[in-house]
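# Understanding the architecture of this molecule
Now for the letters of each chain:
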Amino acid sequence: MISFDFEYYKPSTLNEAVQLFYTLQIQKKRPIYFSGGTEIITLGRLNLVTPGAVIDIHDIPECKVLQVDEHHLVMGAALTLTEIEKANVFPLLSKTASEVADHTARNKITLGGNICGKIFYREAVLPFLLTNSQVVIAGPSGIKRVPIQDVFYKQLRLQTGEFLVQIVTNRNDLSVPSVSIKKRRQWDTGYPLVTIAAMKTKEGIRTAFSGLCPFPFRSKQIEDDLNQPQLPLEARIEHAIHHLPTPILNDTEGTSEYRIFVFKNTLQEIFTALEGEEHAQ
Amino acid sequence: MHNDHMFQISATLDVNGEKRMATFRPADTLLYVLRNQLGLTGAKPGCLNGDCGACTINVDDMPMKSCLMLAIEAVGKKMTTIEGLDGTPIQKAFIEKFAFQCGYCTPGFIMNCHALLKQHPDATDEMIKEWLESNICRCTGYQEIAEAVKSVLTRYLSKNNQ
Amino acid sequence: MNIIGKSIYRKEALDKVSGKAKYTADEQSTDMLHVKMVISPYGHAKIEKIDTSEAQKVPGVRAILTGSPELPLIGEEIQDRPPIAVGKVRYYGEPVALVVADHPVLAKRAADLIKVAYKPLPVVNSPSEALKSDAPLVHEKLDTYQRTQGVYPEPNTNIANRTKIRKGNMEKGWLESDLIVEENFSFSPSDHAAMETRCAIAEIHRDGYVHITSSSQAPFMIKKWISRYFNIDLGKIVVNTPLVGGAYGGKASVQWEILAFLASKATGGRRVKLIYSREEDILTAPCHIGLDARVKLGCTRDGLLKAAEIVYLFDGGAYSDKSTDISRAGAVDCTGPYHIENVWCDSLCMYTNHPYATAFRGFSHSEVLFAFERTMDILAEKLGMDPLELRLKNAILPGHTTPTQVLLNNSNLGNLPKCIHRLKELINWDEKPIMEIDERKVRVKGVSCIWKTSTIDPDASSGVILTFNRDGSINLISGVVEIGTGTKTILAQILAERMKMSIDQIHVQMKVNTQTTPEHWKTVASRGTFMAGRAVLAAADDAIRQLKEIASCILRCSAEDLEVGFGRIFLRDDPKVGIDIKDVAYGYQYPNGNAIGGQVIARGNYILRHMTHLDPDTGAGQPGPEWTVGAQGVEIEFDKKDFTYRVIKAISVIDIGKVLNEKAAKGQVMGAMSMGLSFAGRETFIFDRYGRIQNSQLRTYRPIHYGENPEYIVDFVETPQLDAPYGARGIGEHGILGMPAALANSLSVAAGVSLNQLPLVPEFIWRRKKGAQNDFV
């Protein structure tokens, strides 16, 4: 159980939330934003996260938005993963999100919580890295909307007092051919060894990865390596491996060596699915 | 520091159709408050980490791991625990299909199945698997649980009525 | 009557589906204090200092306990374990301190403030490592420990016990062997992972009476050990056990109860509650034993086994407790169920810096069968013989002897050939052994034979009391704990059958209270049905005798002429003449008011017959009453490219003697099979080089989930065990026994490489294919 005490607040506007954070911060109450809260609870019971106050964002309407208009899809950070899967307006996101944790847990885990939490897989961010979405962030200096690649490097780089409000994606990107595959140590449950989300655009295939390293990433260099149609797929994958970031995870799910093996196979499966039969082994 | 007190609040929780008064800390989980304040010990602590599903209840008709929810988050929501179900087809099916042995995971499983059947009375095998993967049973091999759920699906019931 | 064989619903079924079923931690009272442990963060370290000063300042803290040489050393066979660590810690998770406070939050706050300074020591990280001559000693003072008879620790080593099997003439056996194979096997300790974590409540009254409630398989053992360790009269210890949320052997050892007792003692006898968190349940509580094994088998060119030479190094862990007994059981049935005249086995229980082991479903049998049944497959391959043919050819039969030289007959041994034949049918063995599904996937089958007897105290016994209600219904009171096996319901069926009564007229007391419930040794070893069932039958006969005695007065006839059944006591030759049980069970009242008879209180007990200790030099002896046998198989779908696989089907054919409750029996077998596949396919403790377990949560230590399981097919053969209730053999454990071997056998064929370690995860298969040696430390 969580043995320390914290105060609980549930503001109803963005402004209120930001103000609250500021005030609690001054009072040295170590505030933290609370979305799904699953990490705060599970890490809190181990004393790995010890806020003095939590600010629940669920009452803030902007955080629960799920809206498709002529040009964009807007998704609030406090949407649960099951709400997102059910609406299914962004199939790649639905697929990727549906492999995170288990169904009942996903009734609580939120988009914002998965992306901004401490657990480093953050698989829900992969589709947005591929679609070059924009993130809406609220903070002491107001509300800003910036391309995700400007603020996401291994994790969402938020200043103190800032929190993720929404993610905005181009409507055109929602129905692009895409694939998401998650590989685990054994069978169907557990943390990822490797998760790859990919989409096929006119320019080529975009790929984003989680589980391989202690952060999700998308790499231009790797995409260049993989999108060389004159080379056989295996050769392209070998090139890509040379440009992987470090470290490659080595943990109870699998060694780094084995992860590379799984990575290679999964990339082959991804490309076979998106490029057709030429790569089927 | 905060070691010299436990800050408590009072609130009303809507459980099994009853408005129940409770006093708890903001940091207390819903599981803890249900069990230790309201005497509803049907939801069980199996891991307190969201990994096993033994604490599953229904919140606004959705299955929820009550160890992953703060009690304070539950204020204003409608909760059903195993004690709130009486003579439902799924409970009967669990008995008839021998879908439990030690019984510890059973309330969590039944609550998950109950929510599933309410939302998807004719769920596919795939959907059943997706939902029930959330609960661990260490005694059975899940085969009887599968049979229990399937026996109350609309397609099975209508087949049997022909 | 035909209640035997019927799939009667569990007596406690409605309680379990309605949330009414109560387990130990569900009990709450306002007079309770709460205990929180501080556990060791090292696998092996000296405790330099424990500073509880900050912890003492937390309000609501009533006591803080640390280890002390004043406390007795405890352990079931060798008393080598301080209940709370003293001077050093020997495993990651060992209890180092206890905090007792008014509220669990306060107890945890205080526990988090206790500062312990450690000096890490070199770690013994496997049983093979423990055997090396330069290995650090886990127990320097091994020769000073008190121990029971029959256990043979070797001081100045890490050997806690050595059980020897010396049967026949090994030289002769090797000479007669045309073909010899020798293989090594290995797996680490793992976890029971019952859904209910361990919990104990303890209270000591001013008159010295100790009241304990525990989620235990062995409430009577708690009574015995607390009495012995702390010099308290047996009669002053009362242990309660309600329903238990899964145990599988893990709750047969006494640990958390002693901590709760000490916590109560430290607070002047206050009522205290200790619940293990999941992490503590995995780390602190005793675990499922690991094993390093070497098996050498010799056979003629026709495939007749002639010699077996076996070394088992069991990973007993930091303390011996039940580990030494497990290693003994591993020797008792050290081979598979085969006729082998010449057997040499040394089964060692090794001390390591791992959590100490306790009984785990199968009690060494799934472990040794993994090693042995893999070797059988390797031998079959070398012989060019079908794996089931080899097993059939060598199947142990009445007239043969076991490794401990027990002569087997039609009653104490089930029919293995029949099981094998039936397995062949169910698994479609005559189909192609490898079926190509496409260019990546193949379907392969793997098999294993199984057997097991129990190795429990030779004087183990079980008692039953029956009391009547005024309506003629019966209360069945037995010391068997309802841990999920459904045994309590089976006992009701046995009683209903004997009394020729409706099962609805039998009321079963689910809870056990050691003061009012007759003892059932421990709810382990698949001996509940046998021993308690015999006790039930004895009690039923006693009830019948008493009913007849009273009825004979009223009916003015000889008791010999009476029958009991259908709620009546009546003349055998003229059933119309009789009297209702309800008019007799509480005594009989004549019209004028005279009353005779009084309450019928029936009792029965059963004690194991002719069990002996094992000879220390040859292992000869009778450790158990019978050998249950079976044949199992799996069908897998294997991907040759990425080495992933699914188990499609899992099949068991077991000689159950007599099916008492078909659905319940199948449920037990399927559940055990699931556990075996989960263990073999995914479960293991992952230790770092400091002996620290890296996967102590259910998200990193993952039992099998819904949808990952195969289709289960279970069938039974019925060769009655003549001295068992209605001929029935126990069935609680057997489903697990052959699963690891069958899975490894199928995967070894599918992957084309010998897979002799567990768990069988794709990474392991990939490594083996890459050509790495089976790595042994």
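Every value quoted in this text rests on a predicted model; they were computed, and no experiment measured them. (Residues numbered from 1 in each chain as written. Chains lettered and ligands numbered in written order. Predicted model: local features only at pLDDT ≥ 70, side-chain atom pairs only at ≥ 80, totals over all residues. Heavy atoms only, no water.)

### Looking at the pattern of salt bridges
Where charged atoms from two side chains of opposite charge approach closely, those side chains can pair. With the rule as written, the count across this model stands at 93 salt bridges over all chains. Taking the shortest distance from any N to any O, the salt bridge between Glu99(A) and Arg184(A) comes out at 3.0 Å. Of the two residues, Glu99(A) sits in the loop between helix H4 (91–98) and helix H5 (103–106) while Arg184(A) sits in strand S11 (residues 178–184), which places them 85 residues apart along the sequence. The exposure class of Glu99(A) is partly exposed, given its relative accessible area of 23%. Looking at Arg184(A), the relative accessible area reads 12%, which means it is buried. Between Glu708(C) and Arg682(C) there is a salt bridge, with the nearest N and O atoms lying 2.7 Å from each other. One end of the pair, Glu708(C), is in the loop between helix H15 (662–681) and strand S32 (711–717); the other, Arg682(C), is in the loop between H15 and S32, and 26 residues separate them in sequence. For the pair shown, Glu708(C) and Arg682(C) are each scored as buried. When salt bridges with common partners are traced through the structure, they connect Glu76(C), Glu77(C), Lys322(C), Asp325(C), Arg328(C) and Lys522(C) into a single cluster. (Salt bridge = Lys/Arg side-chain N within 4 Å of Asp/Glu carboxyl O. Helix = DSSP H or I, 4+ residues; strand = E, 2+ residues; numbered from the N terminus. Buried < 20%, exposed > 50% of the residue type's maximum accessible area, 1.4 Å probe, protein only.)

### Things to note about the packing of aromatic side chains
Enumeration according to the criterion identifies 38 aromatic pairs over all chains in this entry. Seen in terms of ring centroids, Trp256(C) and Tyr276(C) are 6.2 Å apart; in terms of plane orientation they differ by 65°. Their pairing is edge-to-face. In this pair, Trp256(C) sits in helix H7 (residues 256–266) while Tyr276(C) sits in the loop between strand S12 (271–275) and helix H8 (278–283), placing the two residues 20 residues apart along the sequence. Its relative accessible area of 2% is what places Tyr276(C) among the buried residues. Their ring planes at 55° and their centres at 6.3 Å tell us that Phe360(C) and Phe679(C) sit as a pair that is tilted. One end of the pair, Phe360(C), is in the loop between strand S17 (357–358) and helix H10 (365–383); the other, Phe679(C), is in helix H15, and 319 residues separate them in sequence. By the burial criterion, Phe360(C) is buried, and Phe679(C) matches it. Three or more aromatic residues joined by ring pairs form one cluster here, namely Tyr258(A), Phe261(A), Phe638(C), Phe643(C) and Trp766(C). (Phe/Tyr/Trp six-rings, centres within 6.5 Å; stacked < 30°, edge-to-face > 60°.)

### What about the pairing of strand S3 (residues 56–59) of chain B?
All names here are of chain B. What you see with S3 is no split at all: Thr-56 and Asn-58 on one side and Ile-57 and Val-59 on the other are buried throughout. Examined bridge by bridge, S3 and strand S4 (residues 62–65) share four bridges and lie antiparallel to one another. Looking at the pairing, Ile-57 lines up with Met-64 of S4. As consecutive antiparallel partners, S3 and S4 are separated by two residues, and within that stretch Asp-60 has a phi angle of approximately 50°, a positive value. For S3 and strand S5 (residues 78–80), the ladder comprises two bridges, and the chain directions are antiparallel. (Pairing = 2+ DSSP bridges.)

### Concerning empty space enclosed by the protein
Per the counting criterion, the structure on display carries six cavities of 30 Å³ or more. If you add up the space inside the largest cavity, you get close to 620 Å³. Along the walls of the largest cavity sit 46 residues, with Thr485(C), Ser526(C), Gln668(C), Gly732(C) and Glu733(C) positioned nearest its centre. Secondary structure elements with two or more residues in the lining of the largest cavity: helix H13 (487–499), helix H14 (528–555) and H15 of chain C. Top element by residues in the lining of the largest cavity is H15(C). It accounts for three residues. Here the second largest cavity defines a volume of roughly 110 Å³. Residue lining of the second largest cavity: 16 residues in total, with Phe98(B), Arg10(C), Thr485(C), Gly486(C) and Ala664(C) positioned closest to the centre. Elements with a contribution of two residues or more to the lining of the second largest cavity: H13 and H15 of chain C. It is H15(C) that provides the largest number of residues to the lining of the second largest cavity, a total of four residues. (1 Å grid on protein atoms, 1.4 Å probe; cavity = no way out; pocket = protein on both sides within 12 Å on 5 of 7 lines; lining within 4 Å. Points joined across faces, edges and corners; volume = space filled by probe spheres on them.)

### Considering unusual backbone geometry
With an omega of -5°, the peptide bond between Thr246(A) and Pro247(A) qualifies as cis. Within the secondary structure, Pro247(A) is located in the loop between helix H10 (233–242) and helix H11 (256–275). Geometrically, the link from Leu758(C) to Pro759(C) is a cis peptide bond, its omega value of -5° lying close to zero. Inspection of the secondary structure assignment puts Pro759(C) in the loop between helix H17 (739–751) and helix H18 (762–770). Even without being a glycine, Lys154(A) presents a positive backbone phi close to 70°. Here Lys154(A) lies in the loop between strand S8 (152–153) and strand S9 (155–156). By relative accessible area, Lys154(A) is classed as partly exposed at 28%. Phi is positive for Arg556(C), close to 55°, though the residue is something other than glycine. The residue Arg556(C) is located in the loop between H14 and strand S24 (562–565) in this model.

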